[in-house]
Amino acid sequence: WNDESVIQFLAKYGNFDNGIISSVRDDAPPEFLNTFVEGKFLLFNHKIQVPIANGYETPNTLGLDRLAAAVGANNIFPHTNVLVVDCGTAITVDFVSAIGRFEGGNISLGLNTRFKALSSFTSKLPLVDIADGYPLIGKNTTDAIRAGVLNSTIFELDTYIELFSGLYPDLKVIFTGGDAFFFDGKLKNTIFVVPNLVVQGLNRILEYNV
């Protein structure tokens, strides 16, 4: 949390009826926000009611961003089976069923995390970044790393989509997160890229609670 940035935001955009505060970090919101929370802000946590059922066995450990994205996906495609792929530091693949229930999901390494892991845990491999141009097979170490990370992640996500599509023919697939646009047009399967899916979900949760 950055106290000054929040104060400036509230000074500029504070003329609204309600808002929602959410963070995936463990540190508490700054003390000064307590004066705003009462009656105006909803502090999103695992005790807040959401408009979908939560089938996760350990709801207290479910990332609030994953839950908000699931709510956003259900709001965009109600009564539909939806696979939500969030591509950031981690890649999460979560399933929301047509009955409006978060059924669970998987957590894997994000693209940049995979690149950093290869560089950090080996003695000679360089740190490589994401690029749209990459070969199927690398002929130098940089291309080999880039091709290995990017192709394997694409194959991984395509397989998830194909498996779930086989189980749920009406399946919709939403990609979100900082690296979502990288996958647009590179997968064999049709996806919808919704960059602000978590924000849409948070807004729906706010509407549900006011």
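A few points on the structure. Because the structure is predicted, anything quoted here is derived from the model rather than measured.

## Observations concerning the packing of aromatic side chains
Now for step 1: This structure, assessed with the given rule, holds 7 aromatic pairs.
Now for step 2: Ring geometry for phenylalanine 175 and phenylalanine 183: centres 5.6 Å apart, planes at 55 degrees, overall tilted.
Now for step 3: We classify phenylalanine 175 as buried; its relative accessible area is 0%.
Now for step 4: By relative accessible area, phenylalanine 183 is classed as buried at 0%.
Now for step 5: Taken together, the ring pairs connect Tyr134, Phe175, Phe182 and Phe183 into an aromatic cluster.
Now for step 6: One cation-aromatic arrangement involves lysine 186 over phenylalanine 182; the distance from NZ or CZ to the ring centre is 4.4 Å.

## Regarding the nonpolar core
Now for step 1: Ranked by internal contacts, the top residues of the largest apolar core, which has 24 residues, are Phe44, Val50, Ile52, Val84, Ile174 and Ile205.
Now for step 2: Contributions of two or more residues to this core are made by α3 (64–76), β4 (82–87) and α7 (197–209).
Now for step 3: In terms of residue count, α3 provides more of this core than any other element does, 7 residues in total.
Now for step 4: The residues contacting isoleucine 205, other than those within four sequence positions of it, are Ile20, Leu42, Phe44, Ile48, Gln49, Val50, Pro51, Ala68 and Val71.
Now for step 5: Judged by nonpolar contacts, the second largest core, of 23 residues, contains Leu83, Leu111, Phe175 and Phe182.

## Focus: the packing of helix α4 (residues 111–120) against helix α5 (residues 141–167)
Now for step 1: At a closest axis distance of 10 Å, the pairing of α4 and α5 adopts a crossing angle of 140 degrees. Considered as vectors, α4 and α5 are oriented oblique to each other. Our pair here, α4 against α5, has a crossing hand that is right-handed. Between α4 and α5, the contacting residues are Leu111, Arg114, Phe115 and Leu118 on the first element and Ile145, Arg146, Val149, Leu150, Ser152, Thr153 and Glu156 on the second.

Parameters at a glance
- Position numbers for residues start from 1 in each chain and track the written sequence from start to end.
- Two thresholds apply to this predicted model, a pLDDT of at least 70 for residue-level local features and 80 or more for giving and counting side-chain atom pairs, whereas whole-chain, interface and lining totals are computed over all residues.
- Hydrogen atoms and water are omitted, and side-chain values are computed over all heavy atoms in the structure.
- Pairs were defined over the aromatic rings of Phe, Tyr and Trp, the Trp ring being its six-membered one, requiring ring centres within 6.5 Å. Orientation was assigned from the angle between planes: stacked under 30 degrees, edge-to-face over 60, tilted for the rest.
- The rule is simple: take the accessible area with a 1.4 Å probe, protein chains only, and divide by the maximum for that residue type; under 20% is buried, over 50% is exposed, in between is partly exposed.
- By definition, being over a ring means that NZ of Lys or CZ of Arg is both within 6 Å of the ring centre and within 35 degrees of the ring normal.
- By nonpolar core we mean a set of buried residues, namely Ala, Val, Leu, Ile, Met, Phe, Trp, Tyr and Cys, connected to one another through side-chain atoms within 4.5 Å.
- Numbering of helices and strands runs from the N terminus, with a helix taken as a DSSP run of H or I at least four residues long and a strand as a DSSP run of E at least two residues long.
- Residue contacts are defined here by distance: any two heavy atoms, one from each residue, within 4.5 Å place the two residues in contact.
- To get an axis, a line is fitted to the C-alpha atoms, and for a helix only the part in contact is used. The angle between two axes follows their N-to-C directions and goes from 0 to 180 degrees.
- Roughly parallel covers angles under 35 degrees, roughly antiparallel covers those over 145, roughly perpendicular covers 65 to 115, and oblique covers all other angles.
- In a left-handed crossing the near helix is turned counterclockwise from the far helix by less than a right angle, and in a right-handed crossing that turn is clockwise.

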